[in-house]
Amino acid sequence: MTRVVIVSAGLGSPSTTRLLANQMAAGVRRAEPGASVEVVELRPLAHDVVDATLTGFASPRLQHVIDQVGAADALGFVTPIFQASYSGLFKSFADVLEPDQLIGKPVLLGATGGTARHSLAVEHAMRPLMAYLQAVPVPTGVFASPHDWSAEGEGALTSRVDRAVGELMSLLGGAGTGRTRDDEIDLFSETMLSISDPSRGT
């Protein structure tokens, strides 16, 4: 059975970051109904994460999450974007992982932000961190702005999630990303327009 753990570093309650993590989990279940999928929230573990960075020792409940990450066949990481980069909670969690814990693991990358102008943070912030940790992030990163939670954007968000999950499942199956040069991106979709026109994301 495929085991997928999706880690949400959302700071609010409720959190759009957690909503995106849930969307990713649902996408995995659609792609592989028999998969074991668990979403883990870091917010309740924030003090444990800080304590671990200061002492070098993880509390039992934080260690449980670290062990889950290590045992997973594939992972998802979802973070809010602040000042064009991932949250401190997300980075602090990455800092308490073992240096070799993510080597070779396929990873979904997701992020949320208050404006579509943050959308490239997945590429210029999250992806380099995964490269350093020697994880294998899928080509499609999923960013969700306020537009994507509206009736107009919801379908496009689901489509991006399914594309990213499809790449993840293909990697797990040993067939690369499953992408070809025939794949197309609609540059005039509502999602793409919301990125080029920030007023659509407000």
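Residues numbered from 1 in each chain as written. Predicted model: local features only at pLDDT ≥ 70, side-chain atom pairs only at ≥ 80, totals over all residues. Heavy atoms only, no water.

Draft legend 1. The pattern of salt bridges, seen in detail. Going through the model one piece at a time under the given rule, you end up with 6 salt bridges. For Arg-30, the salt bridge goes to Asp-162, with nearest N and O atoms at 2.6 Å. Pair noted here: Arg-30 is in helix α1 (residues 16-31) and Asp-162 is in helix α6 (residues 154-172), with a separation of 132 residues, a long-range link. Note on Arg-30: relative accessible area 45%, which makes it partly exposed. With its nearest N and O atoms 2.9 Å apart, the salt bridge here joins Arg-61 to Asp-48. With a gap of 13 residues between them, Arg-61 in helix α3 (residues 60-71) and Asp-48 in helix α2 (residues 46-55) connect regions that are remote in the sequence. (Salt bridge = Lys/Arg side-chain N within 4 Å of Asp/Glu carboxyl O. Helix = DSSP H or I, 4+ residues; strand = E, 2+ residues; numbered from the N terminus. Buried < 20%, exposed > 50% of the residue type's maximum accessible area, 1.4 Å probe, protein only.)

Draft legend 2. View of unusual backbone geometry. Between Ser-13 and the following residue, Pro-14, the backbone shows a cis peptide bond with an omega angle of 5 degrees. As for its placement among the helices and strands, Pro-14 is situated in the loop between β1 (3-8) and α1. Here the phi dihedral of Gln-83 falls at roughly 50 degrees; this positive angle occurs in a residue that is not glycine. Here the phi dihedral of Gln-134 falls at roughly 65 degrees; this positive angle occurs in a residue that is not glycine. Mapped onto the elements of the fold, Gln-134 is located in the loop between α5 (121-132) and β6 (136-137).

Draft legend 3. Representation of the pairing of strand β2 (residues 36-41) in the model. Here β1 runs beside β2; their pairing, made up of 6 bridges, is parallel. Note that in β2 the partner of Arg-3 across the bridge is Ser-36. Once the chain exits β1 it traverses α1 before rejoining the sheet at β2, and the crossover so formed is right-handed. (Pairing = 2+ DSSP bridges. Right-handed = clockwise from strand over helix to strand, strands pointing away.)

Draft legend 4. Inspection of the environment of Ser-145 at higher detail. Checked against the element boundaries, Ser-145 lands in the loop between β7 (142-144) and α6. Ser-145 sits in the buried class, given a relative accessible area of 1%. With 31 residues separating them in the primary sequence, Ser-145 and Gly-114 have C-alpha atoms 5.9 Å apart.

Draft legend 5. Molecular detail of the confidence of the model for the protein chain. Here the protein chain averages 89 in pLDDT, while 87% of its residues score no lower than 70. Per-element confidence in the protein chain ranges from a low mean pLDDT of 56 for helix α7 (residues 190-196) to a high of 98 for β1. (pLDDT = per-residue confidence, 0-100.)

Draft legend 6. A look at the packing of aromatic side chains. Considering all chains together, one arrives at 2 aromatic pairs under this definition. An angle of 70 degrees between the planes, with centres 5.8 Å apart, marks the rings of Phe-77 and Phe-90 as edge-to-face. Of this pair, Phe-77 sits in strand β3 (residues 74-82) while Phe-90 sits in helix α4 (residues 88-96), and the two are 13 residues apart along the sequence. Phe-90 matches Phe-77 in its accessibility class, with the two residues each being buried. Aromatic rings pair up to connect Phe-77, Tyr-86 and Phe-90 into one cluster. (Phe/Tyr/Trp six-rings, centres within 6.5 Å; stacked < 30°, edge-to-face > 60°.)

Draft legend 7. Spatial organisation of α5. If you check α5, its first and last C-alpha atoms are 16 Å apart, about what 12 residues at 1.5 Å a residue would give, namely 16 Å. Among all positions of α5, only Ala-121, Val-122, Ala-125, Met-126, Arg-127, Leu-129 and Met-130 are buried. Next to the buried residues of α5 lie β3, β4 (85-86), α4, β5 (106-112), β6 and β7. Remark: Gln-134 follows α5 within two positions and exhibits a positive phi of approximately 65 degrees. (Expected span 1.5 Å × (residues − 1). Contact = heavy atoms within 4.5 Å.)

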